[in-house]
2 protein chains.
Amino acid sequence: MPVKDCQTKKLIIETVMKVFFAEGQIYATTQDIADAAGVNRTLINYYFRSKKALLATAIKTTRKEFIKNSDLILSSDLPFREKTERFIDDFLNNLLKYPYLESFVTADLIQRRLKKNAPAGFIEKQPAPIKQYLEEISEEMDAGNIPKNNPVHFMMNIFSLMIYPIIMKPLQMSILNLSETDYEKVLYERKRIILELLFSSEGTKQ
Amino acid sequence: MPVKDCQTKKLIIETVMKVFFAEGQIYATTQDIADAAGVNRTLINYYFRSKKALLATAIKTTRKEFIKNSDLILSSDLPFREKTERFIDDFLNNLLKYPYLESFVTADLIQRRLKKNAPAGFIEKQPAPIKQYLEEISEEMDAGNIPKNNPVHFMMNIFSLMIYPIIMKPLQMSILNLSETDYEKVLYERKRIILELLFSSEGTKQ
DNA sequence: ATTTTTGTTGACATTTTTGTCAAACATAAT
DNA sequence: ATTATGTTTGACAAAAATGTCAACAAAAAT
């Protein structure tokens with residue numbers, strides 16, 4: 001019976017999550033991973049066949065953890081504004097844990113689109129909760145609560161406002177001339193800012 | 001006198017700009033670059049010392065082209081709203097040419113922050129035009145034309161709303177269930193959407 | 001025309017990264 | 001104790017990527 005088994009296997013996956021998705025080391029080698037996990041590199045090939053396979057499962061694992069809560073929120077029957085508020089709150093929390101997951105997945109999608117030599121990831125269909133939420137956005141627009149546009153814009157605005165400042169932190173820090181602590185403070189205010197922006201224009205359509 | 005000289009040298013740089021910053025092939029090898037440019041790989045080492053050095057100059061070149069116009073706009077004495085409008089217009093155009101420049105630079109910054117083994121880029125100070133524009137944002141806030149907050153939020157909002165949908169296009173396409181042509185159409189509407197959002201909340205501060 | 005400089009090429013060397021394999025090890029079951 | 005099972009390791013092999021070099025070609029300068 002495997003005892004240590006799942007331990008090291010999990011350890012390796014968690015290390016990938018840390019190194020790639022939390023720290024953003026997209027060029028990390030298998031040796032880097034092994035070192036960070038404190039295990040022999042060969043174990044990566046033992047538990048997962050290849051680096052590619054390891055990254056694929058790591059992505060799946062992280063995505064599940066990422067979506068778990070937010071899908072529940074989007075599928076709930078909370079009133080629109082409250083739902084949006086909770087979604088943003090939850091999403092931002094996950095984002096701060098794994099800021100670079102999206103960048104990595106996107107990079108992956110790009111490589112696969114160009115070469116047959118597919119590195120890791122997987123293409124994802126539209127999640128049902130997102131679809132439902134998009135419909136609610138549409139209703140809110142019809143009700144005149146938010147400016148009437150293609151609902152995808154509202155969704156895009158949310159994602160943009162939440163994600164960009166986090167994934168581009170190093171660049172934004174230098175452009176905006178902010179220290180590490182300053183930036184943290186700014187990020188902390190974001191939730192409020194985003195909500196104000198999304199709902200400030202009540203009935204201001206033209 | 002060098003005649004062909006600058007031609008191939010330029011060709012190589014332009015190819016890097018295409019492969020890395022336009023197409024997003026962050027894992028492209030020197031051979032990939034040489035193939036795409038139709039030149040012998042050794043020439044990369046002849047004109048630039050190493051891959052690292054090549055990427056460094058390519059980044060500098062692209063950034064210059066990128067900032068050239070938008071800096072003029074930000075430094076001009078146009079009224080705030082018009083200035084913002086032109087800035088966004090110009091920035092979006094450049095962004096569509098080189099969507100992945102920022103992602104690449106950020107990835108680079110991250111690696112350098114962690115290892116001493118610096119790959120390519122360079123750390124950038126706050127550009128003076130940005131500083132000036134931030135002050136103007138502050139004035140607009142004092143004048144009550146836009147909600148009063150830390151001015152960096154306004155700047156962050158602009159960047160986020162412009163850049164995110166472009167750099168995360170593959171992911172957004174699947175999440176929002178949009179085809180290539182649908183997405184292009186949405187992107188085209190963005191400029192208007194962004195401006196409406198930024199200026200919709202006139203005097204709505206709380 | 002010849003020399004000099006610059007550009008270009010292919011073969012080779014080095015380094016880095018990934019993957020394989022057999023042997024050693026630990027643990028639980030018989 | 002011995003076997004069986006899953007785990008771990010180091011040595012090795014293979015592949016991929018980068019860099020160097022001497023030779024060759026083309027153009028400019030003398």
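Provided above is the structure to which this section pertains.
Note that this is a predicted model, so its numbers are computed, not measured.

Counted by the stated rule, this structure contains 20 salt bridges over all chains. Two residues, A:K191 and A:D89, come together in a salt bridge whose shortest N-O distance is 3.7 Å. On the criterion of sequence distance, the pair formed by A:K191 in helix 10 (residues 180–199) and A:D89 in helix 5 (residues 80–97) is long-range, its members being 102 residues apart. The residue B:K169 makes a salt bridge to B:E180 at a minimum N-O spacing of 2.6 Å. Here the residue B:K169 occupies a position in helix 9 (residues 169–175), and B:E180 occupies one in helix 10 (residues 180–199), the gap between them amounting to 11 residues. When its relative accessible area of 15% is taken as the criterion, B:K169 is described as buried. For B:E180, a relative accessible area of 38% corresponds to the partly exposed category. Each member of the salt-bridge network shares a partner with another, and the members are A:K169, A:E180 and A:E184.

With that out of the way, let us pick up the relation of the copies chain B and chain A. Between chain B and chain A, which share one sequence, the superposing operator has a rotation angle of 180 degrees and an axial displacement of 0.0 Å; the RMSD is 0.0 Å. A rotation of that kind, with that shift, is consistent with a two-fold axis.

Here the focus is the interface of chain B and chain A. Interface size is commonly expressed as the accessible surface area that is lost when the partners come together. If you look at the interface, chain B gives 62 residues, while chain A gives 62 residues. Contact between chain B and chain A buries roughly 5700 Å² in total, counting both sides, with carbon and sulfur atoms accounting for 63%. Sorting the residues of chain B by area buried against chain A places B:Y27, B:M156 and B:Y164 first, and these three jointly supply 11% of that buried surface. Applying the counting criterion to the chain B and chain A interface returns 0 salt bridges. Linking chain B with chain A are 18 residue pairs in polar contact (both at pLDDT 80 or more), by the criterion used here.

This part takes up empty space enclosed by the protein. Within this structure, the stated rule accounts for 5 cavities of 30 Å³ or more. Put simply, the largest cavity is a space of about 270 Å³. If you go around the largest cavity, you meet 20 residues; those closest to its centre are A:S103, A:A107, B:S103, B:F104 and B:A107. Of all the secondary structure elements, the ones that give two or more residues to the lining of the largest cavity are helix 6 (101–114) of chain A together with helix 6 (101–114) of chain B. Among the residues forming the lining of the largest cavity, the class breakdown is 14 nonpolar, 6 polar and no charged.

In this section: helix 6 of chain A. Residues and elements named next belong to chain A. Across its 14 residues, helix 6 extends 20 Å between first and last C-alpha, which sits within 8% of the 20 Å expected from 1.5 Å per residue. The buried fraction of helix 6 is high, at 10 of 14 residues. Listing the buried residues of helix 6 in full gives L101, E102, F104, V105, T106, A107, D108, L109, I110 and Q111.

Applying the stated criterion across every chain, the model contains 26 aromatic pairs over all chains. Centroid distance A:F66 to A:F91: 5.4 Å. Interplanar angle 70 degrees. Geometry classified as edge-to-face. Of the two residues, A:F66 is situated in helix 4 (residues 51–75) and A:F91 in helix 5; the sequence distance between them amounts to 25 residues. No difference in accessibility class separates A:F66 from A:F91, as the two residues are buried. Arranged with centres 6.2 Å apart and planes meeting at 65 degrees, the rings of B:F154 and B:F199 form a pair that is edge-to-face. Taken as a pair, B:F154 in helix 8 (residues 151–167) and B:F199 in helix 10 lie far apart in primary sequence, 45 residues in all. Grouping residues by exposure puts B:F154 and B:F199 together as buried.

The next subject is the side chain of A:N149. Mapping A:N149 onto the fold places it in the loop between helix 7 (128–142) and helix 8 (151–167). Within the structure, the side chain of A:N149 is placed 3.5 Å from the side chain of B:R192, a separation counted as a polar contact. Those residues in contact with A:N149, other than ones at most four positions away along the chain, are A:M141, B:R192, B:I193 and B:E196.

Attention now moves to the side chain of A:S200. Residues and elements named next belong to chain A. Along the chain, the position of S200 falls in the segment after helix 10. For S200, a relative accessible area of 16% gives the class buried. Here the side chain of S200 touches L197 through a polar contact of 3.3 Å, landing on its backbone oxygen.

Glancing now at the packing of helix 5 (residues 80–97) of chain B against helix 10 of chain B. Residue and element names in this part refer to chain B. Contact pair helix 5 / helix 10: the axes reach a minimum separation of 11 Å and the direction vectors enclose 150 degrees. Judged by the angle between their axes, helix 5 and helix 10 are roughly antiparallel. With respect to the hand of their crossing, helix 5 and helix 10 are arranged in right-handed fashion. Together, F80, R81, T84, E85, I88, D89, L92 and L96 of helix 5 and L187, K191, I194, L195, L198 and F199 of helix 10 make up the contact between the two elements. Residues that form the contact of helix 5 with helix 10 fall into these classes: 9 nonpolar, 1 polar and 4 charged.

Quick notes on the rules
- Residue positions are counted from 1 within each chain, in the order its sequence is given.
- Labels are handed out in written order, letters beginning with A for the chains and numbers beginning with 1 for the ligands.
- Given that the model is predicted, a residue must reach a pLDDT of at least 70 before its local features are reported, and side-chain atom pairs must reach 80 or more before they are shown or counted; all residues, however, enter totals for whole chains, interfaces and linings.
- Side-chain measures were taken over the full set of non-hydrogen atoms in the model, leaving aside hydrogen atoms and water.
- Any carboxyl oxygen of Asp or Glu that lies within 4 Å of a side-chain nitrogen of Lys or Arg is treated as forming a salt bridge with it.
- In DSSP terms, a helix is any run of H or I states spanning at least four residues, a strand is any run of E spanning at least two, and both are numbered starting from the N terminus.
- Type-normalised accessible area, obtained with a 1.4 Å probe on protein chains alone, sets the label of each residue: buried when under 20%, exposed when over 50%, and partly exposed for intermediate values.
- When the copies are overlaid, the least-squares fit takes in C-alpha atoms only where the residue has pLDDT of at least 70 in both copies.
- Only heavy atoms matter for contacts: two residues are in contact if any of them lie within 4.5 Å across the pair.
- Two parts placed together each lose some accessible area; with a 1.4 Å probe, that loss summed over both constitutes the buried area.
- Here a polar contact is recorded for every N or O atom pair within 3.5 Å, except that within protein the pair must consist of a potential hydrogen donor and a potential acceptor, and residues adjacent in sequence are included only if both atoms are side-chain atoms.
- In this analysis the probe radius is 1.4 Å and the grid spacing 1 Å, with only protein atoms considered; a cavity is a set of points the probe fits into but cannot get out of, a pocket is an open set with protein on both sides within 12 Å along at least five of seven lines, and lining residues have an atom within 4 Å of a point.
- Grid points are joined across faces, edges and corners, and a volume is the space filled by probe spheres set on the points.
- Gly is placed with the polar residues, together with every amino acid not listed as nonpolar (Ala, Val, Leu, Ile, Met, Phe, Trp, Tyr, Cys and Pro) or charged (Asp, Glu, Lys and Arg).
- Take the residue count of a helix, subtract one, and multiply by 1.5 Å to get its expected span.
- Note on aromatic contacts: the rings of Phe and Tyr and the six-membered ring of Trp form a pair at centre separations within 6.5 Å, being stacked when their planes are under 30 degrees apart, edge-to-face when over 60 apart, and tilted otherwise.
- Axes here refer to lines fitted to C-alpha atoms; in helices the fit is confined to the stretch in contact. Angles between the N-to-C directions go from 0 to 180 degrees.
- By definition in this entry, angles of less than 35 degrees are roughly parallel, angles greater than 145 are roughly antiparallel, angles of 65 to 115 are roughly perpendicular, and the rest are oblique.
- Should the near helix be turned anticlockwise from the far one by less than a right angle, the crossing is termed left-handed; should it be turned clockwise, right-handed.

No statement about biological role is implied by the geometric values presented.
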